[in-house]
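Next come the chains, spelled out residue by residue.
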Amino acid sequence: MFTACQPLILASASPRRREFLQQLGLEFHCIPAHIDEIPLPGEKPEAFATRMAVGKADCLAAQHPEACIIGADTVVALDNAIFGKPANRAEALSILQQLRNQTHRVVTACAIALQRQGINESVAETTLVTFDHFDDNILKAYVDSGDPLDKAGAYGIQGMGTFLVRSITGSYSNVVGLPVNQLVHLLLKHHIIRPG
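Our subject in this report is the structure included herewith. (Residues numbered from 1 in each chain as written. Predicted model: local features only at pLDDT ≥ 70, side-chain atom pairs only at ≥ 80, totals over all residues. Heavy atoms only, no water.)

This part is about the pairing of strand β7 (residues 119–131). Across 12 bridges, strand β6 (residues 103–114) lies against β7 in antiparallel orientation. The partner of V106 across the bridge, within β7, is T127. Following β6, the chain reverses through four residues before pairing antiparallel with β7; G118 in that reversal takes a positive phi of roughly 70°. (Pairing = 2+ DSSP bridges. Helix = DSSP H or I, 4+ residues; strand = E, 2+ residues; numbered from the N terminus.)

Summed over all chains, the structure comprises 10 salt bridges. A salt bridge links K56 to E37, with the shortest nitrogen-to-oxygen separation between them at 3.9 Å. Note that K56 is positioned in helix α2 (residues 45–61) and E37 in the loop between β3 (29–30) and α2, a separation of 19 residues in sequence. Salt-bridge contacts for D73 lead to K56; the nearest nitrogen and oxygen are separated by 2.9 Å. Linking D73 in strand β4 (residues 68–78) with K56 in helix α2, this pair joins segments that are 17 residues apart in sequence. Per residue, the accessibility class of D73 equals that of K56, and both read buried. Overlapping salt bridges bring together E37, K56 and D73 as one network. (Salt bridge = Lys/Arg side-chain N within 4 Å of Asp/Glu carboxyl O. Buried < 20%, exposed > 50% of the residue type's maximum accessible area, 1.4 Å probe, protein only.)

This next bit is on helix α6 (residues 180–189). Burial in α6 covers these residues: V180, L183, V184, L186 and L187. Each buried residue of α6 sits inside an arc of 160° when the element is viewed along its axis, so together they form one side. Exposed positions of α6 whose direction lies more than 90 degrees from the buried face are N181 and H185. H191 occupies a position one or two residues after α6 and carries a positive phi of about 60°. (Arc of directions from axis to C-beta.)

Counting residues in hydrophobic clusters, the biggest one holds 47 residues, and the most contacted among them are L21, I70, L96, I112, Y155 and I192. Apart from the residues lying within four places of it in its own chain, the contact partners of I70 are L8, I9, L10, A11, L21, C110, A111, I112, L183 and L187. Counting residues in each nonpolar core, the second largest holds 17 residues, with A11, A53, A57 and I69 among its members. (Core = buried A, V, L, I, M, F, W, Y, C linked by side-chain atoms within 4.5 Å. Contact = heavy atoms within 4.5 Å.)

Right, let's talk about the packing of aromatic side chains for a bit. Taken as a whole and assessed by the stated rule, the structure comprises three aromatic pairs. Look at F131 and Y155: their rings are 4.7 Å apart centre to centre, the planes differ by 75°, and that puts the pair in the edge-to-face class. Placement of F131 in strand β7 and of Y155 in the loop between α4 (136–144) and β8 (165–169) is noted, with a sequence separation of 24 residues between them. Take F131 and Y155: they sit in the same class, and that class is buried. Ring geometry for Y142 and F163: centres 5.8 Å apart, planes at 85°, overall edge-to-face. In this pair, Y142 is assigned in helix α4 and F163 in the loop between α4 and β8, connecting sequence segments 21 residues apart. Here Y142 falls in the buried class, since its relative accessible area comes to 2%. Look at F163 and you get partly exposed, because its relative accessible area is 31%. (Phe/Tyr/Trp six-rings, centres within 6.5 Å; stacked < 30°, edge-to-face > 60°.)

Structural data, given as structure tokens:
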């Protein structure tokens, strides 16, 4: 569907982000970026996600100046409390208990960096997700499946965790981990991809 006009590198190990780019027909390489992913004191979810996405893209841009680096970061936020990937099962259960019967925000920021052409731009998308109410024994069963352990907010809407979600307002792909619509607009704007 799309062809890359520049070499593309996805600065992520996420199989979900990789799948989105594959669905667009793009050829790319995956090189995970390793940066310190700790929110600053008082940092808002949108600012944190953007700082992480830009940091991941910039981390690889200097090493690969000829390639367009795509960095992304997803955070789940209830009010201004940020929930990243849980450190263990107990933390996963605690996060799910806090999100239960609440509407939270999923913020995914996406950044592109192409050092050779001086391109460095980012966008952030927010989707509202409302969880239903489920008893602790059901949440524990979900945690015991192992599914929540590698996901921001301790759930994956695209898989087993979909049963938790009563409704969403906004982009579905954003909740999965990549605001695909926004990313395609960015890449087209800078002539990094073209149709066909």
